[in-house]
Number of protein chains: 2
Amino acid sequence: MQPYGLTVDKFLDHAAKWFQDCEVVEAEAGRAVKRTSYAVLRDRANRLSGALAALGMVQGDRVGTLAWNTIHHVEIYYAAMGMGLVCHTLNPRLTAAHLAAMINEAENRVLAVAADLLPLAREVLAHCPSIEQVIILDALVADVQPLGSHRARIWDQDALLAAHGAPVAWGAFDENIPAGLCYTSGTTGSPKGVVYTHRSNYLHTLRALQADAAAITAQDTLLLGVPMFHANGWGMPFAAPAAGTKLVLPGRVVDGPSLGRLIRDEGVTVAVGVQTVWLGLADQAEASGETFPTLQRVLIGGSSCPDALIRRLEEKLGAAVQTSWGMTELSPVGTIAPRDLPADASPASGRPIMGLDLKLTDAEGNTLVPQRDILGHLKVKGHSVIERYYRRDEDVLDAEGYFDTGDLAMIDAAGNLTICGRAKDLIKSGGEWINPNEIETIVGAHPTVRHVAVIGRADAKWGERPVLIVETEGEDKDPRALLALLRGKVADWWIPGEVAEVDAMPLAASGKIDKKRLRDDYAEGRIAASKVGR
Amino acid sequence: MQPYGLTVDKFLDHAAKWFQDCEVVEAEAGRAVKRTSYAVLRDRANRLSGALAALGMVQGDRVGTLAWNTIHHVEIYYAAMGMGLVCHTLNPRLTAAHLAAMINEAENRVLAVAADLLPLAREVLAHCPSIEQVIILDALVADVQPLGSHRARIWDQDALLAAHGAPVAWGAFDENIPAGLCYTSGTTGSPKGVVYTHRSNYLHTLRALQADAAAITAQDTLLLGVPMFHANGWGMPFAAPAAGTKLVLPGRVVDGPSLGRLIRDEGVTVAVGVQTVWLGLADQAEASGETFPTLQRVLIGGSSCPDALIRRLEEKLGAAVQTSWGMTELSPVGTIAPRDLPADASPASGRPIMGLDLKLTDAEGNTLVPQRDILGHLKVKGHSVIERYYRRDEDVLDAEGYFDTGDLAMIDAAGNLTICGRAKDLIKSGGEWINPNEIETIVGAHPTVRHVAVIGRADAKWGERPVLIVETEGEDKDPRALLALLRGKVADWWIPGEVAEVDAMPLAASGKIDKKRLRDDYAEGRIAASKVGR
């Protein structure tokens, strides 16, 4: 058989040749502001590689990006990866100190920045001597402000392309070289870098395109509601050109009204993002009465999604909801619920797609027997699963080559996965384990509850005891009443003895509830909880 | 990222773990005679690897199979490939001499044979000293007849499994080693071997599973109407377990009544095979009035399928037809028409799916500019496309790494491929080219025409002249009248001056019309043609 390197530049080449007129659309606050085609995007990205080469970048160098979902961001993705550089996506919602630490560990030589993130970039750069070139992705040259005393040269991307753009040969390297770098969110510890290779991204893409997975086609229009700085944007910047799918990039703003407008204006058929994004859209649809006739499917990931919420979304959006589960360390998709599930099936987070395997172990790492209908520690193995973190010596696999996700999970008889919380969130009370996730699922199903978290507090007698923390909406606002929901559904000793209401649940940069901060806030008295019995 | 070899044994492992109860059904003449599950099939195939090892087989050894679409055949596929042997599928419709030549070139050590093919196998073996072990796939031991004077030891597969079956570790080898061997049909020259690697088969499978390709899912039931000895059975013995799809194997008989019964009995949703198979089913449906309520899609490949035939099939079978194009050298799928094509689109043979690229050249190999709406020689490139034939020294790629398919083709503005005949079937008349395929397409659309072929005959004045050969049905049987169909649609000088009717069009073992034999029969006077004007 012919030699054929599994390199991601081939996706854009394929789109440019076979779907040359297929559109990529960029929006600002729900209004399309820019359109291009895969053919033009490919040409620009390829010549941008030439410009990066002219700036002295060589295979293996890291290019940081601090940007939203825009056409220029897609261009820099492919410009870097296509020539063998490493595209290091940075989350603009992190602090300057965090970002600087990541850039310094990675020794980025280039930083590509969205114009509206220049103030943040300036803060970051003050601590990042390795950066030699700063590319402003989407500003007129006149807008570019100097970077103070930093030695980096500053470019406007279009001007750089005009000055140094030149076609280069893409993909002339081994498929196992790094293509991307993304740091974990740090909700469960200090951020750690995950390096994606061309091969792992290529195979992840083919996995996503399967009919039982994301299943996008050349007939679809995809709204990318998940940021491109979250684990390859769930791989969609690769999957969309590979399938010849029209790609809609919402820019910075992903609130309900903006996304609703984009879906209607662009005829979006498939939308992907975290559940809070789609909740926002459902709220908007409910308030305005608007509908989305073209929308067929919504893919949800990022955290487990209760059945009641799925039903609400399906009703308000008029589209099928596909739940999924993934992690930065998994490139990121782990499991996905198929789109044509029988009506009576509970999808949970779906089944593993070919190329990923799961197992459940006990806390000591022993494989559980049987593997079905029992709670265990979830371990995963596959072609797009991490072996070791960036710049760490030790690999993070067990003796059988599986990576410990840190999640607790169950797998039903049909092979569907349900995530049951984080192992480190378990609460040990009187020598026995309480799983906060079970309590959260029950309380979270109540219509007035917007966010719910259960944390452990130190307790002299029991070791730890659970505290229920909620953010609610509507009139009926006695959080203590929520405890009644738990009676008969969990053991009595699992029921929290303290309840607190917060105005706004603290969320990490990934959009997940920040339990570490909740625990700190509680310990330091910033959350006032009412004692309830017990 | 984790190490993960792209080896085909992983497909069956995945099915055995995640779709353990999903059925594989085997039929005889349309009646299910055997059922198993992926878990049981995987266990048997794996222990069969152990038995092959016990017989002394080592990585790289070739195992021939001479068998229909049966569960035992799937077992031997995986038993061989899983342990690093090469599964060499043989077409039972070839002559013993042809089969012996292939077995001898490949130096097969094992031959696995369906019980009803033992008489053929005995003929073949007389010329094949390399065979050491013969495995009868599906017979009781008592049925096994001795092989005459051949030294090979003879086994019943179940007895072999009972005697020597033992679990082995699958996939413990490089992904680039050979997994399969299949000879081309020889309609266009002497048969040549094509070697598939684990990697090429794995990537071909992921390509097939895409939503715009074969797109089978865990909700589907697949009827494999294409023989497993034709180019990996179009890859479906890999794709079905990878997707957790119920697999229905029809055995030897694939006539209309048998397939119709199987589709109804097993709730088949997707059926794949060559167009003659589905024509047989459509005839049967028309005659009996039967319907196939579960059938959603029929995938057709093997030869180009006129629009009128597609419409007839869709109407009679009540299912969407997906046309495709492929070759043994392509593993075999090249292009496939998507299932959700807009009603006004002409699918032709579909578009290339990610991982395959096409180009058109002139007869000298120069890339045509533009590449759209112009007839050219079709060249292909990709991860599952041949580089060189088995045991040949020279590779068969052009300077840009493309393989010459030998087909003439056009590509429309939307990227859809239409195959326009074989380059070597072109007829040179008065120094200009006539394309038989264009004439065949027009004549073939007439309802009385069952098969049509246009061949060139030597002509003193013009060099060559076309001869129209048809097999017709119905009452209205003057083949000369068919020429009237051509007037105004092709140049006058393209219109054949001789017409012949044959009782049965000669078909090659692949099911395609055997033009080589037609030319021989004509040249030697076995086809009597009437002269018509000119």
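Anything mentioned here points back to the structure above.
Residues numbered from 1 in each chain as written. Chains lettered and ligands numbered in written order. Predicted model: local features only at pLDDT ≥ 70, side-chain atom pairs only at ≥ 80, totals over all residues. Heavy atoms only, no water.

Chemist: Would you take a moment to explain the pairing of strand β14 (residues 320-326) of chain B for this structure?
Modeler: Remember that side chains alternate between the two faces of the sheet whenever the strand is regular. Residues and elements named next belong to chain B. Within β14, five of the seven residues are buried, which leaves it mostly tucked inside the rest of the structure. Two strands pair when backbone bridges link them, and strand β13 (residues 297-301) and β14 are joined in this way by four bridges, in the parallel orientation. Its bridge partner lying in β14, arginine 297 is registered against alanine 320. Of the pairings in the sheet, the one linking β14 to strand β15 (residues 333-336) comprises three bridges and is antiparallel in character. Directly across from tryptophan 325, in β15, lies its bridge partner threonine 335. Here β14 hands over to β15 after six residues, with serine 331 in that stretch at a positive phi of 85°. (Buried < 20%, exposed > 50% of the residue type's maximum accessible area, 1.4 Å probe, protein only. Helix = DSSP H or I, 4+ residues; strand = E, 2+ residues; numbered from the N terminus. Pairing = 2+ DSSP bridges.)

Chemist: Any chance you could explain the pattern of salt bridges here in plain terms?
Modeler: Two side chains bearing opposite charge may form a pair once their charged atoms approach each other closely. Residue and element names in this part refer to chain A. The full count for this structure, using the stated rule, is 74 salt bridges over all chains. In this structure, arginine 457 and aspartate 459 form a salt bridge, with 3.0 Å as the shortest nitrogen-oxygen distance. On the basis of relative accessibility, which here comes to 18%, the residue arginine 457 falls in the buried class. You can call aspartate 459 buried: its relative accessible area is 17%. Salt bridges sharing partners connect three or more residues here, namely Asp283, Glu286, Arg312, Glu315, Lys316, Arg450 and Glu473. (Salt bridge = Lys/Arg side-chain N within 4 Å of Asp/Glu carboxyl O.)

Chemist: For this particular structure, what's the right way to read the relation of the copies chain A and chain B?
Modeler: Two chain copies here: they are related by a rotation about an axis and a translation along the same axis. At an RMSD of 0.2 Å, chain A and chain B line up after a rotation of 180° and a shift of 0.1 Å along the axis. Here the copies are linked by what is in effect a two-fold axis. (Least-squares fit on C-alpha atoms with pLDDT ≥ 70 in both.)

Chemist: Is there a simple way to think about the interface of chain A and chain B in this case?
Modeler: With 67 residues of chain A at the contact, the number on the chain B side is 67 residues. Of the roughly 4,700 Å² buried where chain A meets chain B, counting both sides, 55% is carbon and sulfur surface. Across the contact surface, chain A and chain B share four salt bridges. The salt bridge partner of glutamate 175 of chain B is arginine 199 of chain A, with a shortest N-O separation of 2.8 Å. Remark: the boundary between chain A and chain B carries 22 residue pairs in polar contact (both at pLDDT 80 or more). If you list the elements that add at least two residues to the side of chain A that touches chain B, you get α1 (9-18), β9 (193-197), α7 (198-208), α8 (236-243), β16 (351-352), β17 (356-361), β18 (376-382) and β19 (403-411) of chain A. Of the residues in the side of chain A that touches chain B, the class split is 37 nonpolar, 16 polar and 14 charged. (Contact = heavy atoms within 4.5 Å. Buried area = accessible area lost by both parts, 1.4 Å probe. Polar contact = N/O pair within 3.5 Å; in protein donor to acceptor, adjacent residues only side chain to side chain. Nonpolar A, V, L, I, M, F, W, Y, C, P; charged D, E, K, R; others polar.)

Chemist: Help me understand helix α8 (residues 236-243) of chain B in this model?
Modeler: Every α-helix winds through 3.6 residues per turn, so residues three or four apart in the chain are directed the same way. All names here are of chain B. Burial runs high along α8: eight of the eight residues are buried. Those residues of α8 not exposed but buried are Met236, Pro237, Phe238, Ala239, Ala240, Pro241, Ala242 and Ala243. Two residues or fewer after α8 comes glycine 244, characterised by a positive phi angle close to 70°.

Chemist: Whenever I open this one, the sheet that holds strand β10 (residues 221-224) of chain B confuses me. Can you help?
Modeler: Backbone-to-backbone hydrogen bonds join strands into a sheet, with any given pair of strands oriented parallel or antiparallel. Residues and elements named next belong to chain B. Ordered by their spatial adjacency, nine strands build an open sheet running β2-β1-β11-β10-β12-β13-β14-β15-β16, and the pairing between neighbours is mixed. At either end of the open sheet lies a strand with only one pairing partner, and these are β2 (31-37) and β16 (351-352). Strands in contact with helix α10 (residues 275-288) are β10, β12 (270-274) and β13; relative to β12, the strand with the most contacts, it is inclined by about 120°. (Axes fitted to C-alpha atoms, helices over the stretch in contact; angles between N-to-C directions.)

Chemist: Looking at this structure, how should I read the sheet that holds strand β3 (residues 62-66) of chain A?
Modeler: Residues and elements named next belong to chain A. Strand order in the open sheet formed by seven strands is β7-β6-β5-β3-β4-β8-β9, with mixed pairing between adjacent strands. Only two strands of the sheet have a single partner each, and these edge strands are β7 (153-156) and β9. This sheet shows a mean twist of 20° between the axes of neighbouring strands, independent of strand direction. Lying over the sheet, helix α5 (residues 118-125) contacts β3, β5 (110-113) and β6 (133-136), oriented at roughly 160° with respect to β5. Contacting β6 and β7, helix α6 (residues 157-164) crosses the sheet at an angle of about 95° to β7.

Chemist: Explanation requested: the side chain of arginine 372 of chain B in the structure shown.
Modeler: Note that arginine 372 of chain B resides in the loop between β17 (356-361) and β18 (376-382). Although arginine 372 of chain B is buried, it makes no salt bridge; aspartate 412 of chain B carries the closest opposite charge, 6.0 Å away. From its side chain, arginine 372 of chain B meets the backbone oxygen of aspartate 412 of chain B in a polar contact 3.2 Å long. Non-local contacts of arginine 372 of chain B, meaning those with residues more than four positions away in its chain, are made with Lys17, Trp18 and Gln20 of chain A together with Ile411, Asp412, Ala413 and Gly415 of chain B. (Lys, Arg positive; Asp, Glu negative; His and termini not counted.)

Chemist: Got a minute to help me understand the pairing of strand β9 (residues 193-197) of chain B in this structure?
Modeler: Residue and element names in this part refer to chain B. Burial within β9 is extensive, with five of its five residues counted as buried. By the alternation rule, side chains of β9 split into Gly193, Val195 and Thr197 and Val194 and Tyr196, which are all buried. Across five bridges, the pairing between strand β8 (residues 178-183) and β9 is antiparallel. Considered in β9, the bridge of proline 178 is made with threonine 197.

Chemist: What exactly am I supposed to notice about the environment of isoleucine 386 of chain A here?
Modeler: Residue position: isoleucine 386 of chain A is located in the loop between β18 and β19. Residue isoleucine 386 of chain A is classed as buried on the basis of its relative accessible area of 0%. Separated by 25 residues in the primary sequence, isoleucine 386 of chain A and threonine 361 of chain A have C-alpha atoms spaced 19 Å apart. Excluding residues that lie within four positions of it along the chain, isoleucine 386 of chain A makes contacts with Gly193, Val194, Glu329, Val396, Leu397 and Phe403 of chain A together with Met1 and Gln2 of chain B.

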